[in-house]
Amino acid sequence: MDHLYFFLTGLTLFFTFLIFATIFYFMIKYRRRSEQERPPATQQSLPLEISWIAIPSLICVFLFLWGASLFFAAARPPQGAMEIFVVGKQWMWHLQHPEGQREINQLHIPVDVPVRLTMTSEDVIHDFFVPAFRMKMDVLPGRYTSEWFQATKPGSYHLFCAQYCGTLHSGMTGTIEVMTPTDYAQWLRDNASTRSMAESGQELFTRLGCDTCHLADGSGAGPVLQGRFGKQVTLRDGQNLAMDEAYTRQAILDPASLPLPNYRPVMPTFRGQVSEEQILQLIAYIKSLGSGERTQVP
Amino acid sequence: MSTAIAEVPVESRMHYLNASYGIKSWLFTTDHKRIALLYLGSITLMFFIGGAAAVMMRLHLIEPAGALVQPETYNKLFTMHGVIMVFFFLVPSIPATLGNFLVPMMIGARDLAFPRLNLLSWYVYITGGAITLYALISGGVDTGWTFYAPLSTHYVTTHVIATSLGVFINGFSSILTGLNFIVTIHKMRAPGMTWKRMPLFLWSMYATSVIFVLATPVIAIAMVLIGAERLLHVGIFDPAIGGDPVLFQHLFWFYSHPVVYIMILPGMGVVSELVTCFAKKKPFGYIFIAYSSLAIAMISFFVWGHHMFVSSQSVYAGFIFSALSFAVAIPSAIKVFNWTATLYKGSISYQAPMLYALGFIGLFTMGGLTGLFLASLATDVHLHDTYFVIAHFHYIMVGGAVMAYLGGIHFWWPKITGRLYHDGWARLAALVIFVGFNLTFFPQYMLGYLGMPRRYAVYPAEFQVLNVLSSAGASILGMGYLIPFVYLLWSIRYGPVAGSNPWGAKGLEWETPSPPPTDNFEETPRITEEPYGYAEPEHAHV
């Protein structure tokens, strides 16, 4: 991306210089020397017009393709990226590692490992922005967004909220601590959590009574969840959906909107009973029950 | 420095300023020229209020921890700055003042098609402005001028309703003005004033009016929906009650991107006039400049999504909006190249209006080219919502639109008031503004690249040097804006009499006395020649 940036900077300088130089040259060469002088009639030139339409157009097509291809690559996280879950709320960042470590306004990650963030917000729209990684993505309430990056140098980097989110918007900042693999392993041990996210999810799953219907042997009132995550789900109206994070979240909060064939719509909504962080834990648990191929959050 | 404070003989000629006296003759006037002056007064007031907010923000940002106010107040300041400058200064700036004054005169008409509607639009503007000012004074609002939901509909406790009501009402004044211009340009051109004989300023006003009429209703709808969700808890934008926050962004930018062209197109029109006049040349590529205005107006409706590349909008939508955003750069580039080519072999003089026009071309070029960084998807991901964006759009709106506005005011001031201002002071002011502007906003490009997000009341210490530079520039810029205010007012009373055509300019408005009579022309003009006949022999010895 920086190559594109510097190319654009060069282009800007070139054209700015071109225009400025031409204007200054004309300004001096054709300054009015006497009030009586009469400039010649303006010549029109179609070839000139066409060339200064065509050349910038070609440059623009080139720039578009370059920018778009980089963007496309950046929107697709690589397989097997390390997962981090992010919940933004006025005015702090809650982050959780799959192993259960929780952090606030701070994220420890190993260097040279792709990291994929699954993000949502408890309230308004935020934006997870790490200038050093040239990466930002809005964090919205009511849906999951994701971004990924791969740090190339250990160190500590700014984390900013880039989407204006109210009074202490400029205080919603933090640091990304990029560590060498050994330091990171040490950090994980030092901050070992008693429970991984999936284990917290499992506990919630039991406490909320999910396990009374979602039985593993298929005899319950709800569908089997084992081995389902990432697979296709066919709704009663024939619509096919992938069972991804967003689907699972919706199924927990608004099950009536996802009627399944062969099951009566008896599941109550859990809206208001679970926080966004708890939903992420439930998802982590359901994922741990086995999954199909990895899916991407749109 | 010898300002000739010669006693000007009392003019016996009747014109629009002395046709009648008293406050009522102004408040109930239907004369487009007087309404233009009513607008001029009100938007100048708004400009200084919005400018005061900017000054306080720049003062505050001198220190990383914030030198002046609490974050809450800072948020209110930038909201106030944005709301006032966008809706109550930049949008009406050139159209409602110079446009109102010049559209009928340039086509040889006595007034706009709907003079009373024109007066109504000023009252609508004043009502919207008064409500908004009330909201800002009685406690302020801290949503940003973008009113993003659900922050604006649920989470803030400030005067969102009153502000959005003010913006909603003000929208109708834009629509009425746009409607009036479109009908006037279609139906009231003097005999012989064909479309291709119209001054380029009119082409740009026409393109602007189309955007006024088509885009403004959408912001009105967005404001109503904000009110409905906030007051009645109808779930439109807030996902907690079943809404979609990205929908608001689509509605908002569907207006607020075209609105950028409402600000810049009139400026381009003004500059087209100034460059030809002070180079004594027919514009190079008249038809290309004219049609590029229409092209910009049209494309402007299809690029709103470039504000939303990282909003969770789909990747493929991002592709389309990025490509279209690059497309809008082409007609803008056409204009810049044509203006430059117009200078070629001209006879260029450097009175104050020309300095503003040249300043516009330079700053607009930089603002436009940095727009490419933001149209390009990959770079926008990094630069979005940083100071880079702030710098970019201030180069367009302040370096572009405001420079052109001031250039236009200086150019037509002798026509409007019948007096000349002091050219030396005016040139000095143009220079101070140019320097101050660059010092204010150029460092912000660098801040943005380094990653400083916008709307931050406090910031990491490493950004301080560039912020101090920017604040220093702002103080010069602020000074620069005060100078014209003083000498222009001075000239109304003490300036030398201008005569009907002090610049040796072409165009119908220069063929009638300054200030013009209430009916503009003694008799309806007939147009028999092409516009901008600067090279015609009979004018060689003027």
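Residues numbered from 1 in each chain as written. Chains lettered and ligands numbered in written order. Predicted model: local features only at pLDDT ≥ 70, side-chain atom pairs only at ≥ 80, totals over all residues. Heavy atoms only, no water.

A count of helices and strands for chain B gives 17 helices and 0 strands. A compact globule built from 542 residues would reach a C-alpha radius of gyration of about 24 Å, and chain B, at 23 Å, matches this within 12%. Considered along the principal axes of its C-alpha atoms, chain B spans approximately 70 × 45 × 45 Å. Residues classed as buried in chain B amount to 66% of the 542 residues present. If you take every contact in chain B between residues at least 6 apart in sequence, the share linking residues at least 24 apart comes to 83%. Split by element, the accessible area of chain B, about 18100 Å² in all, is 70% carbon and sulfur. Each charge sign in chain B was given a centre, from 26 positive and 24 negative side chains, and these centres are 7 Å apart. (Helix = DSSP H or I, 4+ residues; strand = E, 2+ residues; numbered from the N terminus. Rg over C-alpha atoms; globule rule 2.2 N^0.38 Å. Buried < 20%, exposed > 50% of the residue type's maximum accessible area, 1.4 Å probe, protein only. Contact = heavy atoms within 4.5 Å. Areas by Shrake-Rupley, 256 points an atom, 1.4 Å probe, with all protein chains shown as cover. Lys, Arg positive; Asp, Glu negative; His and termini not counted. Charge placed at Lys NZ, Arg CZ, Asp CG, Glu CD.)

Now for the sheet that holds strand S1 (residues 82-89) of chain A. Residues and elements named next belong to chain A. Within the open sheet, the 5 strands sit side by side as S3-S2-S1-S5-S8. Their pairing is mixed. At either margin of the open sheet sits one strand with a lone partner, and together these are strand S3 (102-104) and strand S8 (145-150). Within this sheet the neighbouring strands show an average axis-to-axis angle of 25°, counted without direction. Sheet topology places strand S5 (residues 114-121) next to S8; 6 bridges connect them, and they run antiparallel. (Pairing = 2+ DSSP bridges. Axes fitted to C-alpha atoms, helices over the stretch in contact; angles between N-to-C directions.)

Residue and element names in this part refer to chain A. Segmenting chain A into domains produces domain 1 (82-190) and domain 2 (197-288). Its C-alpha centre places domain 1 at a distance of 26 Å from the equivalent point of domain 2. If you look at the interface, domain 1 gives 20 residues, while domain 2 gives 13 residues. Roughly 1300 Å² of surface becomes buried between domain 1 and domain 2 when both sides are summed, with 54% attributable to carbon and sulfur atoms. Between the two partners, domain 1 and domain 2, sit 3 salt bridges. If you look at where domain 1 meets domain 2, you find 5 residue pairs in polar contact (both at pLDDT 80 or more). When contributions to the side of domain 1 that touches domain 2 are tallied by element, the ones reaching two or more residues are S1, strand S2 (92-96) and S5. Looking at the side of domain 1 that touches domain 2 element by element, the count peaks at 5 residues for S1. Of the residues assigned to the side of domain 1 that touches domain 2, the class counts are 5 nonpolar, 8 polar and 7 charged. (Domains from an automatic or database assignment. Buried area = accessible area lost by both parts, 1.4 Å probe. Salt bridge = Lys/Arg side-chain N within 4 Å of Asp/Glu carboxyl O. Polar contact = N/O pair within 3.5 Å; in protein donor to acceptor, adjacent residues only side chain to side chain. Nonpolar A, V, L, I, M, F, W, Y, C, P; charged D, E, K, R; others polar.)

Attention now moves to the packing of helix H12 (residues 315-343) of chain B against helix H13 (residues 352-375) of chain B. Residue and element names in this part refer to chain B. Their axes nearest at 10 Å, the elements H12 and H13 cross at an angle of 155°. The angle between H12 and H13 places the two elements in the roughly antiparallel class. As for the relative orientation of H12 and H13, their crossing is left-handed in sense. Facing Ser322, Ser325, Phe326, Ala329, Ser332, Val336, Trp339 and Leu343 of H12, the residues of H13 in contact are Met354, Leu358, Phe360, Ile361, Phe364, Thr365, Leu372 and Ala375. Broken down by class, the residue content of the contact of H12 with H13 amounts to 12 nonpolar, 4 polar and no charged. (Parallel < 35°, antiparallel > 145°, perpendicular 65-115°, else oblique. Left-handed = near helix turned anticlockwise from the far one by under 90°.)

This model, assessed by the stated rule, comprises 70 aromatic pairs over all chains. Note on A:Phe26 and A:Tyr30: the rings are 5.7 Å apart at their centroids and 55° apart in plane angle, and the pair reads as tilted. A:Tyr30 carries the same exposure label as A:Phe26, and that label is buried. Consider the rings of B:Phe88 and B:Tyr125, whose centres lie 5.9 Å apart with planes at 55°: the pair is tilted. With a gap of 37 residues between them, B:Phe88 in helix H3 (residues 71-90) and B:Tyr125 in helix H5 (residues 115-137) connect regions that are remote in the sequence. There is no split in this pair, since B:Phe88 and B:Tyr125 are both buried. An aromatic cluster is present here, built from A:Tyr5, A:Phe6, B:Phe373, B:Phe388, B:Tyr395, B:Phe437, B:Phe441, B:Phe442, B:Tyr445 and B:Tyr449 joined pairwise through their rings. One cation-aromatic arrangement involves A:Arg249 over A:Tyr144; the distance from NZ or CZ to the ring centre is 5.9 Å. Here B:Arg34 stacks its cationic end above the ring of B:Trp26, 4.2 Å away from the centre of that ring. (Phe/Tyr/Trp six-rings, centres within 6.5 Å; stacked < 30°, edge-to-face > 60°. Lys NZ or Arg CZ within 6 Å of the ring centre and 35° of its normal.)

Further remarks concern the nonpolar core. If you look at the biggest cluster of nonpolar residues, it comprises 245 residues, and the most contacted ones within it are A:Ile109, A:Phe128, A:Phe133, A:Ile176 and B:Phe360. For this core, the element with the most residues is helix H15 (residues 387-417) of chain B, which contributes 20 residues. Within the second largest apolar cluster, 27 residues are counted, among which are A:Phe229, A:Leu258, A:Leu280 and A:Ala284. (Core = buried A, V, L, I, M, F, W, Y, C linked by side-chain atoms within 4.5 Å.)

Right, let's talk about the confidence of the model for chain A for a bit. Residue and element names in this part refer to chain A. Scored by pLDDT, chain A has a mean of 85; 97% of the residues are at 70 or more. The weakest mean pLDDT in chain A belongs to helix H1 (residues 2-29) at 82; the strongest belongs to strand S6 (residues 126-130) at 94. Low confidence marks residues 292-298, where pLDDT is under 50. Its contacts with residues over four positions away, or in another chain, come to 23 contacts. (pLDDT = per-residue confidence, 0-100.)

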